[in-house]
Protein chains: 2
Amino acid sequence: MSREGGESGPRPGRIGIGLELDAVHFKILDVLRENGRISVAALAERVGISRANAYTRFEALRADGTIKRFTAEIDHVRAGLGITALIFVTVRQQMWRQFRAELARMPEVEYCAITTGQHDAMIQIRVSDVAEVHAMVTERLAGIPAVKATETVFILDEVLKRPYVLPSDHPRQQRRPAPDPSPADVPLGKMRFVGAAEGRAALRKE
Amino acid sequence: MSREGGESGPRPGRIGIGLELDAVHFKILDVLRENGRISVAALAERVGISRANAYTRFEALRADGTIKRFTAEIDHVRAGLGITALIFVTVRQQMWRQFRAELARMPEVEYCAITTGQHDAMIQIRVSDVAEVHAMVTERLAGIPAVKATETVFILDEVLKRPYVLPSDHPRQQRRPAPDPSPADVPLGKMRFVGAAEGRAALRKE
DNA sequence: GTTGAAATTAGTACGAA
DNA sequence: TTCGTACTAATTTCAAC
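Right, let's walk through the structure included here. Note that the structure is a prediction, hence the values are computed from the model and not measured. (Residues numbered from 1 in each chain as written. Chains lettered and ligands numbered in written order. Predicted model: local features only at pLDDT ≥ 70, side-chain atom pairs only at ≥ 80, totals over all residues. Heavy atoms only, no water.)

So, about the packing of helix α1 (residues 23-34) of chain B against helix α2 (residues 40-47) of chain B. All names here are of chain B. Contact geometry for α1 and α2: axes closest at 10 Å, N-to-C directions at 125 degrees. What the angle tells us is that α1 and α2 run oblique. The chirality of how α1 crosses α2 is right-handed. Only Leu43, Arg46 and Val47 of α2 make contact with α1, whose side of the interface consists of Val24, Lys27, Ile28, Val31, Leu32 and Glu34. Class assignment of the residues belonging to the contact of α1 with α2 gives a composition of six nonpolar, no polar and three charged. (Axes fitted to C-alpha atoms, helices over the stretch in contact; angles between N-to-C directions. Helix = DSSP H or I, 4+ residues; strand = E, 2+ residues; numbered from the N terminus. Parallel < 35°, antiparallel > 145°, perpendicular 65-115°, else oblique. Left-handed = near helix turned anticlockwise from the far one by under 90°. Contact = heavy atoms within 4.5 Å. Nonpolar A, V, L, I, M, F, W, Y, C, P; charged D, E, K, R; others polar.)

Below, the structure written as structure tokens:
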């Protein structure tokens, strides 16, 4: 399976290599993200395909890596980690490897992403009290040579957390390549982009 | 919210109301977050308890809300949503209700958190191309009266994403309430906290 | 809280459309 | 490919300890 030539229709989940996802695949993913423990038999019924087909597609999605894993969503507050904070980190260039290595040693880090903009990375941590945030930043992060500066904000409330967004959720799946650039009704002054130019070289992941 | 008075022992996951989590509960959560589809029988074996016990605790964790749900982690790139961006939003005071309502109508938003600091909220979106980010910010977000300003950064790479952090991951679970404030060896100049005070001031600049 | 049964359900393999 | 069925293996439930 390789490059397809002149196709006309909107091809949902085609990313060069891997499985070509159709509507049924997305339906499966949709069911699975809201109920990761559903049996394949029940899944087949909800999607409207045979059990054998469901097993085939389920396995294909798993083998392909489209489904990375199944996990339990845990209530952090009940689990004892009621404090969530974001730490924006400026990383010294060419020390990304060290930064990443140190991150792996910090269990309180739930998420880390490399970003454009003013900072180079954003990490999200879960701890049990605010003092730990301080300890985390000063004792651990600031001690890493790769870390040039940090900026910390607290998360006061998590308004929404969707179990992974799918293209099938989006209203208009087929988009025009470059829409009419005349947003006369939009107050552009409200908006500000912080692009790669301003937040330069996070790209160089070493 | 019930304040607990003079407590002595360090009780891992006690949050006033709900289940009191012990080491076995955390072990269960630990297994479940890395394999949400494991059978309870296999779970019991891995945790080292009987099946009946595993069923009881499993149900209790679910009923209690400590386990919020089970979900499939999906590869966004393979699913056709290769672009991830963060949008920091400044919200007009007393228009939060509207803001939240509008958020619910945006399927490309995966996560939204209320934060301290310069902005009021951070939202993470997943879309298929960069043009959609622009469309999202200008056509949808900027059109909401509650939105005063936005700032957008792109996520270039997601370095790590842990399936929910647990207190049992942390090395020192028992912490001293207020540690010795003498970080002589820590370069404090590196660090900067952005608290609610500073953030609130930023709100009023209209 | 544990073990060991029965009942149910899940997963596999196969031929047919 | 997909479906339907039969077969096998595993899980869940329920009982007594």
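Let us now look at the packing of aromatic side chains. Enumeration over the complete set of coordinates arrives at five aromatic pairs over all chains. Measuring from centroid to centroid gives 5.6 Å for Phe88 of chain A and Phe88 of chain B, while their planes differ by 65 degrees, and the two rings are edge-to-face. Taken together, the residues span two chains, with Phe88 of chain A in strand β2 (residues 83-91) and Phe88 of chain B in strand β2 (residues 83-91). Each member of the pair Phe88 of chain A and Phe88 of chain B is classed as buried. With a centroid separation of 5.8 Å and 85 degrees between ring planes, the pair formed by Trp96 of chain B and Phe99 of chain B is classed as edge-to-face. (Phe/Tyr/Trp six-rings, centres within 6.5 Å; stacked < 30°, edge-to-face > 60°. Buried < 20%, exposed > 50% of the residue type's maximum accessible area, 1.4 Å probe, protein only.)

What follows deals with the protein's contact with DNA strand D. Within the structure, DNA strand D sits among Ile49, Ser50, Arg51, Ala52, Asn53 and Arg57 of chain A together with Ser39, Val40, Ala41, Arg51 and Tyr55 of chain B. At the protein interface, 77% of the atoms of DNA strand D within 4 Å belong to sugar or phosphate. At 2.8 Å, a side-chain N or O of Asn53 of chain A approaches a phosphate oxygen of DNA strand D. Those elements that provide at least two residues to the surface near DNA strand D are α3 (51-64) of chain A together with α2 and α3 (51-64) of chain B. The greatest single-element share of the surface near DNA strand D, amounting to four residues, is contributed by α3 of chain A. Broken down by class, the residue content of the surface near DNA strand D amounts to five nonpolar, three polar and three charged. (Near = heavy atom within 4 Å. Polar contact = N/O pair within 3.5 Å; in protein donor to acceptor, adjacent residues only side chain to side chain.)

Our next topic: helix α6 (residues 130-141) of chain B. All names here are of chain B. In a regular helix each residue adds 1.5 Å, so twelve residues correspond to 16 Å; α6 covers 16 Å between its end C-alpha atoms and thus fits that length. When we look at burial in α6, the residues that qualify are Glu132, Val133, Ala135, Met136, Val137, Thr138 and Leu141. N-capping of α6 is provided by Asp129, with a side-chain oxygen placed 3.1 Å from the backbone N of Ala131. (Expected span 1.5 Å × (residues − 1).)

For the rest of this paragraph, the subject is the protein's contact with DNA strand C. In the vicinity of DNA strand C, the contacting residues are Ser39, Val40, Ala41, Arg51 and Tyr55 of chain A together with Ser50, Arg51, Ala52, Asn53 and Arg57 of chain B. The protein-proximal atoms of DNA strand C, defined as those within 4 Å of the protein, are 54% sugar or phosphate. Here a phosphate oxygen of DNA strand C and a side-chain polar atom of Tyr55 of chain A are 2.5 Å apart. Measuring from a phosphate oxygen of DNA strand C, one finds a side-chain N or O atom of Asn53 of chain B at 2.9 Å. At the level of elements, α2 (40-47) and α3 of chain A together with α3 of chain B are the ones that each hand at least two residues to the surface near DNA strand C. Looking at which element gives the most residues to the surface near DNA strand C, the answer is α3 of chain B, with four residues. Looking at side-chain class alone, the surface near DNA strand C contains four nonpolar, three polar and three charged residues.

Let us look at the relation of the copies chain B and chain A. By a simple turn and slide, chain B fits onto chain A: the slide is 0.0 Å along the axis, the RMSD is 0.1 Å, and the turn is 180 degrees. One copy is carried onto the other by what is essentially a two-fold rotation axis. Most of the interface of chain B is mirrored in chain A, where 99% of its interface residues are also at the interface. (Least-squares fit on C-alpha atoms with pLDDT ≥ 70 in both.)

Take the interface of chain B and chain A next. Of the residues lining the interface, 106 residues belong to chain B; the matching set on chain A comes to 108 residues. The junction of chain B with chain A conceals about 9,800 Å² of combined surface from both sides, 57% of it contributed by carbon and sulfur atoms. Linking chain B with chain A are six salt bridges, by the criterion used here. Residue Arg100 of chain A pairs with Asp157 of chain B through a salt bridge whose shortest N-O separation is 2.9 Å. (Buried area = accessible area lost by both parts, 1.4 Å probe. Salt bridge = Lys/Arg side-chain N within 4 Å of Asp/Glu carboxyl O.)

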